[in-house]
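# Residue-level structural notes
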Amino acid sequence: VQLQASGGGLVQAGGSLRLSCAASGRTLTNYRMGWLRQAPGKAREFVATISGSGRSTSYADSVKDRFTISRDNVENTVYLQMDSLKPDDTAVYYCAAAYDWPNYDGRVPGDYAYWGQGTQVTVSS
C-alpha cells in the first residue's frame, strides 16, 4: 500500500483544515486507516482511526468532537476534517494503514504497517 498525505498548512487557532490521504496498490476495504501525528520533541501519537468498511471510528480524547475521520473506498481516499484547531494540534500528520483484523482497534501507532510521508499542520495562537 502506498499512501500520499496532503492538505496541511498554517492556520489560526479556531480555524479548520482538511487532510487527505490517497492510497494505491491495494484495495482499501481490507485495511483500517489511521491518522497519527508527531510534534517536535514528542513521540508519535494516535489521532483517529476508521475501520475498513467505514462503519467504526475512534478518536484520541484530545481531538474528540473537533476532528472527523472519513473514507471513500471508491476513490481509495481517507480524510481528516479538523475543526476548532488549537496550537497544541501543531504537528506532522501521517496517514497509515493496517490490515483490519477482527477486534483490532487501531489505536497503537506501532501496529500500522504502511505509512505516508506526512504533512505539516501549524496552528498559530
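See the structure above.
Treat the numbers as computed from the prediction; the structure is a model and nothing was measured.

Reading the values: rules and limits
Residues numbered from 1 in each chain as written. Predicted model: local features only at pLDDT ≥ 70, side-chain atom pairs only at ≥ 80, totals over all residues. Heavy atoms only, no water. Helix = DSSP H or I, 4+ residues; strand = E, 2+ residues; numbered from the N terminus. Rg over C-alpha atoms; globule rule 2.2 N^0.38 Å. Pairing = 2+ DSSP bridges. Axes fitted to C-alpha atoms, helices over the stretch in contact; angles between N-to-C directions. Core = buried A, V, L, I, M, F, W, Y, C linked by side-chain atoms within 4.5 Å. Buried < 20%, exposed > 50% of the residue type's maximum accessible area, 1.4 Å probe, protein only. Contact = heavy atoms within 4.5 Å. Polar contact = N/O pair within 3.5 Å; in protein donor to acceptor, adjacent residues only side chain to side chain. Salt bridge = Lys/Arg side-chain N within 4 Å of Asp/Glu carboxyl O.

Right, let's talk about the overall build of the protein chain for a bit. Counting its secondary structure elements, the protein chain contains 0 helices and 11 strands. Helices and strands in the protein chain line up, N terminus first, as β-β-β-β-β-β-β-β-β-β-β. For 125 residues, the compact-globule estimate of 2.2 N^0.38 gives 14 Å, and the protein chain sits close to it at 13 Å. When its C-alpha atoms are laid out on the principal axes, the protein chain stretches across 40 × 25 × 25 Å.

A separate point is the sheet that holds strand E7 (residues 67-72). Strand pairing within a sheet occurs via backbone hydrogen bonds; the two strands may be parallel or antiparallel. Spatially, the 4 strands line up as an open sheet ordered E1-E3-E8-E7, and their pairing is antiparallel. The sheet terminates laterally at strand E1 (2-6) and E7, the two strands that pair on one side only. With strand direction ignored, the average angle separating the axes of adjacent strands in the sheet is 15°. Where E7 meets strand E8 (residues 77-82), 6 bridges bridge the pair, whose relative direction is antiparallel.

This part is about the nonpolar core. With 37 residues, the main nonpolar core has Met33, Trp35, Leu80, Met82 and Tyr93 as its most contacted residues. Looking at this core, the elements with two or more residues in it are E1, strand E3 (17-24), strand E4 (31-38), strand E5 (45-50), E7, E8, strand E9 (91-99) and strand E11 (119-124). For this core, the leading source of residues is E9, giving 6 residues. With near-sequence residues (within four places) excluded, Met82 lies in contact with Gly15, Ser16, Leu17, Leu19, Arg66, Phe67, Tyr93 and Val121.

Moving on: the side chain of Thr77. As for its position among the elements, Thr77 is in strand E8. Residue Thr77 is classed as buried on the basis of its relative accessible area of 11%. A polar contact is formed between the side chain of Thr77 and the backbone oxygen of Glu75, at a distance of 3.0 Å. Once residues within four sequence positions are removed from consideration, Thr77 is found in contact with Ser20, Cys21, Ala22, Leu28, Ser70, Arg71 and Asp72.

This next bit is on the pattern of salt bridges. Here the structure, examined in full by the defined rule, presents 5 salt bridges. In this structure, Arg37 engages Glu45 in a salt bridge whose closest nitrogen and oxygen atoms are separated by 2.6 Å. As a salt-bridge pair, Arg66 and Asp89 come within 2.8 Å of each other at their nearest N and O atoms. Here Arg66, found in the loop between strand E6 (57-59) and E7, pairs with Asp89, found in the loop between E8 and E9; they are 23 residues apart in sequence, far enough to count as distant. Asp89 sits in the buried class, given a relative accessible area of 1%. Through salt bridges with shared partners, a single network forms among Arg37, Glu45, Arg66 and Asp89.

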